[in-house]
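# Structural characterization, general
If you want the building blocks of each chain, they are given just below.
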Amino acid sequence: MPVDNPDKCTVPAFQWLTLMVQEPKVANTWYMHIHKALETQNGELCRLKGQLEEKNKALETQNGELCRLKGQLEEKNKALETQNGELCRLKGQLEEKNKALETQNGELCRLKGQLEEKNKALETQSGELCRLKGQLEEKNKALETQNGELCRLKGQLEEKNKALETQNEWRKARNETDDITLDAGTAHPNLSIAGDKKSLKHEAQPQQVSYNPERFDSTVCVLGSEGFSSGKHYWEVDVRSSTDWDLGVARKSIQRQGKLSLSPKEGFWALGLSGRDYWAKTDPWTRVIVQKKPKKIGVYLSYKEGQVTFFNVTDMSLLFTFNDCSFSGAVYPFFKNSHKETAMKICSIKEEE
């Protein structure tokens, strides 16, 4: 049974035996072909086996990597489970807080409503307060105007009361009027004393006078005849013609010679006019404000109280008061006229009345 292509021949095993016996050459050819084919197949199988082993090694490597990754995945799954548990716990807390917030929101909405109502009430009250404030401001302005008027009237009343008090004091002082006369023996040579000893005139030239150690030799002044060491005394002097004079009281022990310094420390309690200015002869001097130029000056001595007060008889105003005077013995009425060729006169109050 000849075969043209031994590679494609499929012969049963029992036929091989018959072929080898009947046609040994053909069988040998077939054997050689089959042997080559087997060798080729074995080579291919060896190659495939090598590839298979490489793939198995690669699979083993991949399996190791898969096992490592599986371990990591399991660890991550455990971590995720733990995180999921924590998330569930936090979710529960969050839900509780959300419920609490909802409750609080409800309470806030309620309070907001109450607040809005109160704000509306406050706005209403504010409007009423603004209205009342406007009324109050108007009333305050009216009160301020009234207060200003009252203050003005009060000031006028106080001035009138002071004037009345001064007039009363002056009238009381006038009740203590004394018959004052001048002691010509103390008069400066330039002073001429009238016969009734009630007036003095500053002469241009000195007069011929007898020596007297109690006479003033430099300052143009004179003392009263009578001194006072108790009681209350008052007298008035007409000063309208002189623009340089001093009146008051003086101790008997005062300096008589040389220029005098009129002050309580030197034994003088006096008030005077120098040019246009009136001065109380304190230490230092005190300017006295005069509303109306006096024609007459009233001098009031209250020995026990230690006071010497001066009045403007023209408008019955009080000019100045020396308080806490240390007389220490009798004091005498004091008169000084430095204005040449002018006279000063002690007035008779009883004659005026």
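Now for a description of the structure that goes with this document. Model, not experiment: these values are computed from the prediction.

## Remarks on the sheet that holds strand β4 (residues 232–238)
One open sheet holds the seven strands; their spatial order is β1-β2-β13-β4-β9-β10-β11, and the pairing between them is antiparallel. Of all strands in the sheet, those with a lone pairing partner are β1 (191–193) and β11 (317–322), marking the two edges. In this sheet, neighbouring strand axes are inclined to one another by 20° on average, regardless of whether the strands run parallel or antiparallel. Here strand β2 (residues 199–202) runs beside strand β13 (residues 343–346); their pairing, made up of three bridges, is antiparallel. Across the sheet, residue L200 finds its bridge partner in β13, namely M344.

## Considering the nonpolar core
Within the largest apolar cluster, 35 residues are counted, with the highest numbers of intra-cluster contacts made by W245, L247, V308, F327 and F335. Not counting residues within four places of it along the chain, the set of residues in contact with F335 comprises I180, L182, L200, V220, C221, V222, G224, W235, V237, D246, L247 and I346. Among the nonpolar cores identified, the runner-up in size contains ten residues, and F216, C221, L223 and Y332 belong to it.

## Thoughts on the sheet that holds strand β8 (residues 286–288)
With respect to topology, six strands assemble into an open sheet ordered β3-β12-β5-β6-β7-β8, the strand pairing being antiparallel. In this open sheet, the two edge strands, each paired with only one partner strand, are β3 (221–223) and β8. Taken over all neighbouring pairs, the strand axes of this sheet differ in orientation by 20° on average, direction set aside. Here strand β5 (residues 244–251) runs beside strand β6 (residues 268–274); their pairing, made up of seven bridges, is antiparallel. Residue pairing for β6: W245 is matched across the bridge by L273.

## Focus on the environment of M344
Position of M344 relative to the elements: it lies in strand β13. A residue is classified by how much of its surface remains accessible, and M344, at 2% relative accessible area, is buried. Each C-alpha atom, one on M344 and one on Q146, is 50 Å from the other, the two residues being 198 residues apart in sequence. Excluding anything up to four places from it in sequence, M344 contacts K198, S199, L200, V237, D238, V239, W245, L247, K336 and N337.

## As for the pattern of salt bridges
Any two side chains of opposite charge can pair, given that their charged atoms come close. Tallying each qualifying case throughout the model produces 13 salt bridges. Between K198 and D179 there is a salt bridge; the shortest N-O distance is 2.2 Å. Of this pair, K198 sits in the loop between β1 and β2 while D179 is found in the loop between α2 (24–174) and β1, placing the two residues 19 residues apart along the sequence. Residue classification places K198 among the buried residues on the basis of a relative accessible area of 18%. Assessed through its relative accessible area of 59%, D179 is described here as exposed.

The rules behind these values
Residues numbered from 1 in each chain as written. Predicted model: local features only at pLDDT ≥ 70, side-chain atom pairs only at ≥ 80, totals over all residues. Heavy atoms only, no water. Pairing = 2+ DSSP bridges. Helix = DSSP H or I, 4+ residues; strand = E, 2+ residues; numbered from the N terminus. Axes fitted to C-alpha atoms, helices over the stretch in contact; angles between N-to-C directions. Core = buried A, V, L, I, M, F, W, Y, C linked by side-chain atoms within 4.5 Å. Buried < 20%, exposed > 50% of the residue type's maximum accessible area, 1.4 Å probe, protein only. Contact = heavy atoms within 4.5 Å. Salt bridge = Lys/Arg side-chain N within 4 Å of Asp/Glu carboxyl O.

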